[in-house]
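# Per-entry structural report
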Amino acid sequence: MSIQREGGCACGEVRYQLASEPMFIHCCHCLNCQRQTGTAFVVNLLIEADRVQLLGGTAEPIDAPRDDGSVQRIFRCTRCQVALFSEYGRPEVRFVRAGTLDDPTAVTPDVHIFTRSKVAWVTLPEGTPAFEVYYDAKQLWPADSLRRLAALMPARS
Ligand SMILES: [Zn+2]
Ligand SMILES: [Zn+2]
């Protein structure tokens, strides 16, 4: 847990560090992620918003339309416009784009989602859970991560 993960945009203006390990790591193959990134999938680190600590620069939120009519808030460097992280409805959870880490090879997805739109030439690793659409976090997340998630959602009844 002592690993200090840092990352930033292309121009160097925005720098961030993660105060802890993420709760979970998604590899998403959905059409929205493909369109937003211009590639075959995105790797997102799910972590509490206040554990994404900006060390410099400004990440400006931009609302991008999604196929289901909702919007996804994407935070981009105000200068080079590289997308660093996003929100999906819940501002308490940030989805940090793994490609902006200083060492993107140091993280591995815990789950592959929306594989129904996965490109055929990507072969998923044996042993990593994969779902046509989505999954139940209660069945997949480690207990400690579920506790962290629950702590973000106080008494919603
Ligand atoms: Zn930049
Ligand atoms: Zn997606």
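The residue numbers shown here count from 1 along each chain, following its written sequence. Chains carry letters from A onward and ligands carry numbers from 1 onward, assigned in written order. Local features in this predicted model are restricted to residues whose pLDDT is 70 or higher, and side-chain atom pairs enter the listing and the counts only when it is 80 or higher, whereas totals over whole chains, interfaces and linings include all residues. In computing side-chain properties, one takes all heavy atoms of the structure into account and sets aside hydrogens as well as water.

## Some thoughts on the overall build of the protein chain
Going by this rule: In this text, helices come from DSSP runs of H or I with a minimum length of four residues, and strands from runs of E with a minimum of two, each type numbered from the N-terminal end. Computation of the radius of gyration draws on C-alpha atoms, with the globule rule given as 2.2 Å multiplied by the number of residues to the power 0.38. Only protein chains enter the calculation, and the probe is 1.4 Å; a residue is then buried if its accessible area is under 20% of its type maximum, exposed if over 50%, and partly exposed in between. We call two residues contacting when some pair of their heavy atoms lies within 4.5 Å. His is not counted, nor are the chain ends, whereas Lys and Arg count as positive and Asp and Glu as negative. Lys charges are placed at NZ, Arg charges at CZ, Asp charges at CG and Glu charges at CD.
When you go through the protein chain residue by residue, the secondary structure sums to three helices and ten strands. The C-alpha radius of gyration of the protein chain comes to 15 Å, within 12% of the 15 Å expected for a compact globule of 157 residues. By principal-axis analysis of the C-alpha atoms, the protein chain measures approximately 35 × 35 × 35 Å. Residues classed as buried in the protein chain amount to 45% of the 157 residues present. Sequence-distant contacts in the protein chain: of pairs separated by 6 or more residues, those separated by 24 or more amount to 55%. In the protein chain, 17 side chains carry a positive charge and 18 a negative one; their mean positions are 3 Å apart.

## Things to note about the sheet that holds strand β5 (residues 52-56)
The line we're drawing: Should DSSP find at least two bridges between two strands, the strands are taken to pair. Lines fitted to the C-alpha atoms define the axes, with helices restricted to the stretch that makes contact. Angles between their N-to-C directions range from 0 to 180 degrees.
The antiparallel open sheet is built from three strands, whose spatial order is β1-β2-β5. Both outer strands of the open sheet, β1 (5-8) and β5, are each paired with one neighbouring strand and no more. The sheet shows a mean angle of 30° between the axes of neighbouring strands, taken without regard to direction. For β1 and strand β2 (residues 15-18), the ladder comprises four bridges, and the chain directions are antiparallel. For G7, the partnering residue across the bridge sits in β2 and is Y16.

## Remarks on unusual backbone geometry
The phi angle at Q81 is positive, at roughly 70°, despite the residue not being glycine. The residue Q81 is located in the loop between β7 (71-77) and β8 (83-87) in this model. A positive phi angle, near 55°, is found at F114, a position not held by glycine. Here F114 is to be found in the loop between β10 (111-113) and α2 (137-140).

## Comments concerning the coordination of the zinc ion (ligand 1)
Which entries qualify depends on this criterion: Donor atoms are limited to N, O and S found within 2.8 Å of the metal ion, a distance that becomes 3.2 Å for Na, K and Ca. With water left out, some sites might look partial. Only two sets of limits are used to name each site, 85 to 135 degrees for every angle of a tetrahedral four-donor site, and over 155 degrees for opposite donors with all other angles from 65 to 115 for a square planar four-donor or octahedral six-donor site, with any other site named irregular.
At 2.3 to 2.4 Å from the zinc ion (ligand 1) lie its protein donor atoms, namely C9 (SG), C11 (SG), C77 (SG) and C80 (SG). Geometry at the zinc ion (ligand 1) is tetrahedral, judged from its four donor atoms and the angles of 106 to 115° they form at the metal. Counting residues between consecutive donors of the zinc ion (ligand 1) along the chain gives the motif C-x1-C-x65-C-x2-C. Overall, C77 belongs to the buried group, its relative accessible area being 0%.

## Here we look at the environment of R76
Where we set the bar: Two N or O atoms form a polar contact when they lie within 3.5 Å of each other; inside protein one atom must be a possible hydrogen donor and the other a possible acceptor, and for residues adjacent in sequence the pair counts only when both atoms belong to side chains.
Tracing the backbone through its elements, the reader meets R76 in strand β7. Sequence-distant contacts of R76, defined by excluding residues within four places in its chain, comprise T58, A59, E60, I62, Q81, V82, A83 and L84. From its side chain, R76 meets the backbone oxygen of Q81 in a polar contact 2.7 Å long.

## Some details on the coordination of the zinc ion (ligand 2)
Around the zinc ion (ligand 2), the donor atoms from the protein are C28 (SG), C30 (SG) and C33 (SG), and they sit 2.1 to 2.3 Å away. Along the chain, the residues that donate to the zinc ion (ligand 2) are spaced as C-x1-C-x2-C. Each member of the pair, C28 as well as C33, carries the same accessibility label: buried.

## Let's talk about the environment of F85
On the secondary structure map, F85 appears in strand β8. As a C-alpha pair, F85 and I113 span 28 residues in sequence and 18 Å in three-dimensional space. Sequence-distant contacts of F85, that is, excluding residues within four places in its chain, are made with V52, A59, R73, I74, F75, R94, F95, V96 and R97.

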